[in-house]
Amino acid sequence: MSLSTIEQVKMHENGECWRDQAGQSIQAHGGGILLHDGVYYWYGEDRSGYPLDTDGQRKRRNVGVSCYSSTDLVNWTHVGVVLPAVDDPTHDLHIHRVIERPKVIYNPGTKQFVMWLHVDSPDYSYARAGVAVADSPAGPFRYLHSLRPNGFMSRDQTLFLDVDGQAYHIGASDENANTMISRLTDDYLNVSGDFCKAFPGRYMEAFAFVRHEGRYWMIASGCTGWKPNAARSAVAETFMGPWEELGNPCVGENADLTFGGQSTFIIPQGPATHEPVAMFDVWRPPALATSGYVWLPIRWKNGRMELHWQPNWPGDTKRP
Ligand code: DGJ
């Protein structure tokens, strides 16, 4: 199917693996969105090397990080694999190691697009954050290094870019027991040494953050591997905390399993209604390529976030 013959997509079915403008399944799992010069870029794990019909775990392989572009957050064009996995078994990005949860932010000072991602050994004991850079949002990204932020383990990482240009790395540290928030250096390529540990002993992962009406809000999950669990939420006056837990923001049927999903990112402004939009993955191991997406607008009620199931993205965009 060529781009010229494909119809514009009006909506996607929440819970399913969505399709791009070429009719291919979108491979941007554990992903995040960058808005740059009016274009949305969706970066995520390309799991096409984990198809339904692969016989045996060792044949499955990482492809790397894929990127999709869109001007409406609905119709997505595959830009390409912007950070490919490699065949060198000593490299962080080896095809049989772990490459998860890439996030990209733009640094106006250096004019670089900076990607951080979770790199790990197959048993998740390496627990490091990798850093890559590009001159264009479409890549290619150049892998620089990996680190344990401030000397601590890092799994299930994400980035948060604040309105003042300060950027933060957030990851699960100490065998996932604690959540570590590290301020990044001005070039966003390293940690600055300023850090805090939040949610002690709460075993969280899948962190996603948004600033809303002057405060900072988080959605995350508990630790149950690829299986869904009840989402967590929290609020803070300043990004380094203290953070106050607010419980599961999901409401209604299947809320205790986050509608089958696990958080990955919050888009600060959705289309039409401009509400922040929470992005979730519906993991389907071992055929991770078939994993689905759930995107839901966040509403605020009585000082808490609320997420209600809707069958489609973007759903009803006429809400006041
Ligand atoms: C849950 C994490 O959120 C995923 O990114 C992945 O690491 C799985 N665990 C692996 O079991």
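Procedures and definitions
What you see as residue numbers is a count from 1 along each chain, following the sequence as written. It should be noted that, the model being predicted, local features are given only for residues of pLDDT at least 70 and side-chain atom pairs only at 80 or more, the latter also being counted only at that level, while totals for whole chains, interfaces and linings use all residues. The side-chain numbers reported here are obtained from all heavy atoms of the structure, hydrogens and water having been left aside. For the purposes of this section, nonpolar cores are sets of buried Ala, Val, Leu, Ile, Met, Phe, Trp, Tyr and Cys residues that join through side-chain atoms within 4.5 Å. To sort residues, take the accessible area from a 1.4 Å probe on protein chains only and compare it with the maximum for the residue type: under 20% means buried, over 50% means exposed, and anything in between is partly exposed. Numbering of helices and strands runs from the N terminus, with a helix taken as a DSSP run of H or I at least four residues long and a strand as a DSSP run of E at least two residues long. Note on contacts: a residue pair qualifies if any of its non-hydrogen atoms lie within 4.5 Å across the two residues. When a carboxyl oxygen of Asp or Glu lies within 4 Å of a side-chain nitrogen of Lys or Arg, that pair is called a salt bridge. Any two cysteine sulfur atoms within 2.5 Å of one another count as a disulfide. What makes two strands pair is DSSP finding at least two bridges between them. For helices, the fitted axis covers only the stretch in contact; all axes are lines through C-alpha atoms, and the angles between them, taken along N-to-C directions, range from 0 to 180 degrees.

Undergrad: Please explain the nonpolar core as it appears in this structure.
TA: As a rule of thumb, nonpolar side chains are buried together in soluble globular proteins. Of all hydrophobic cores here, the largest spans 20 residues; its most connected members are Tyr 43, Val 65, Leu 83, Met 115, Leu 117 and Phe 141. Residue assignment for this core shows that the elements contributing at least two residues are strand E3 (39–46), strand E4 (64–70), strand E5 (77–84), strand E6 (98–107), strand E7 (112–120) and strand E8 (128–134). The leading source of residues in this core is E7, at four residues. The residues touching Val 65, leaving out its near neighbours within four places in the chain, are Tyr 43, Gly 44, Gly 80, Val 81, Val 82, Leu 83, Ile 99, Pro 102, Met 115 and Leu 117.

Undergrad: Quick question: what am I supposed to make of unusual backbone geometry here?
TA: Most peptide bonds take the trans configuration, and most residues that are not glycine carry a negative phi. The step from Gly 139 to Pro 140 runs through a cis peptide bond, and the omega angle for that step is 0 degrees. By the secondary structure assignment, Pro 140 is in the loop between E8 and strand E9 (142–147). In this structure, Pro 286 follows Pro 285 across a cis peptide bond, with omega equal to -5 degrees. Looking at the secondary structure, you find Pro 286 in the loop between strand E20 (277–282) and strand E21 (292–297). For Asn 176, which is not glycine, the phi dihedral falls at a positive 80 degrees. Inspection of the secondary structure assignment puts Asn 176 in the loop between strand E11 (167–173) and strand E12 (178–184).

Undergrad: Help me understand the pattern of salt bridges, please; the structure alone is not making it clear to me.
TA: Under the counting rule described, the total for this entry stands at nine salt bridges. For Asp 156, the salt bridge identified is with Arg 101, shortest N-O distance 3.2 Å. Here the residue Asp 156 occupies a position in strand E10 (residues 155–161), and Arg 101 occupies one in strand E6, the gap between them amounting to 55 residues. Of the residues examined, Asp 156 reaches a relative accessible area of 7% and is grouped as buried.

Undergrad: Any chance you could explain the side chain of Thr 179 here in plain terms?
TA: Considering the arrangement of structural elements, one finds Thr 179 in strand E12. Each residue touching Thr 179, except ones within four places of it in the same chain, is listed here: Ile 170, Gly 171, Cys 196, Lys 197, Ala 198, Phe 199, Met 204 and Phe 207.

Undergrad: For this particular structure, what's the right way to read the state of the cysteines?
TA: Linking two cysteines covalently via their sulfur atoms produces the bond known as a disulfide. Applying the stated criterion across every chain, the model contains zero disulfides. We note that Cys 17 lacks a disulfide partner, and the nearest cysteine sulfur, in Cys 67, lies 16 Å from it. No disulfide involves Cys 223; its sulfur sits 17 Å from the nearest other cysteine sulfur, which is in Cys 250. Given the relative accessible area of 32%, Cys 223 is considered partly exposed.

Undergrad: Whenever I open this one, the sheet that holds strand E22 (residues 299–301) confuses me. Can you help?
TA: Adjacent strands of a sheet pair through backbone hydrogen bonds, lying either parallel or antiparallel. Read across the sheet, three strands follow the order E18-E23-E22 without closing on themselves; strand pairing throughout is mixed. Two strands bound the open sheet, and with one partner strand each, they are strand E18 (250–251) and E22. Of the strand pairs in this sheet, E22 and strand E23 (residues 304–308) are connected by three bridges, and their pairing is antiparallel. Bridge pairing in E23 places Arg 299 opposite Glu 306.

Undergrad: Which parts of the structure should I look at to understand the environment of Ala 234?
TA: Within the secondary structure layout, Ala 234 lies in strand E16 (residues 232–236). Separated by 11 residues in the primary sequence, Ala 234 and Glu 245 have C-alpha atoms spaced 4.1 Å apart. Leaving out residues up to four positions away in the same chain, Ala 234 has contacts with Phe 199, Tyr 216, Trp 217, Met 218, Trp 243, Glu 244, Glu 245, Leu 246 and Met 305.

Undergrad: Before we go on, may I ask you to explain the pairing of E6 in this structure?
TA: Looking down a regular strand, the side chains alternate between one sheet face and the other. Burial analysis of E6 places nine of its 10 residues in the buried class, which makes it a mostly covered element. Sheet topology places E6 next to E7; eight bridges connect them, and they run antiparallel. Across the sheet, Ile 99 pairs through a bridge with Val 119, a residue of E7. In textbook terms, the turn of a hairpin is the stretch between consecutive antiparallel strands, and for E6 and E7 this stretch comprises four residues, one of which, Lys 111, has a positive phi near 60 degrees.

Undergrad: What am I meant to see in the sheet that holds strand E19 (residues 262–267) here?
TA: The sheet built from three strands is open, its strands ordered E19-E20-E21 with antiparallel pairing. Each edge of the open sheet carries a strand with a single partner, namely E19 and E21. On average, adjacent strands in this sheet sit at an angle of 25 degrees to one another, irrespective of strand direction. Direction of pairing for E19 relative to E20: antiparallel, over a ladder of five bridges. Bridging across to E20, Ile 267 finds its partner in Val 277.

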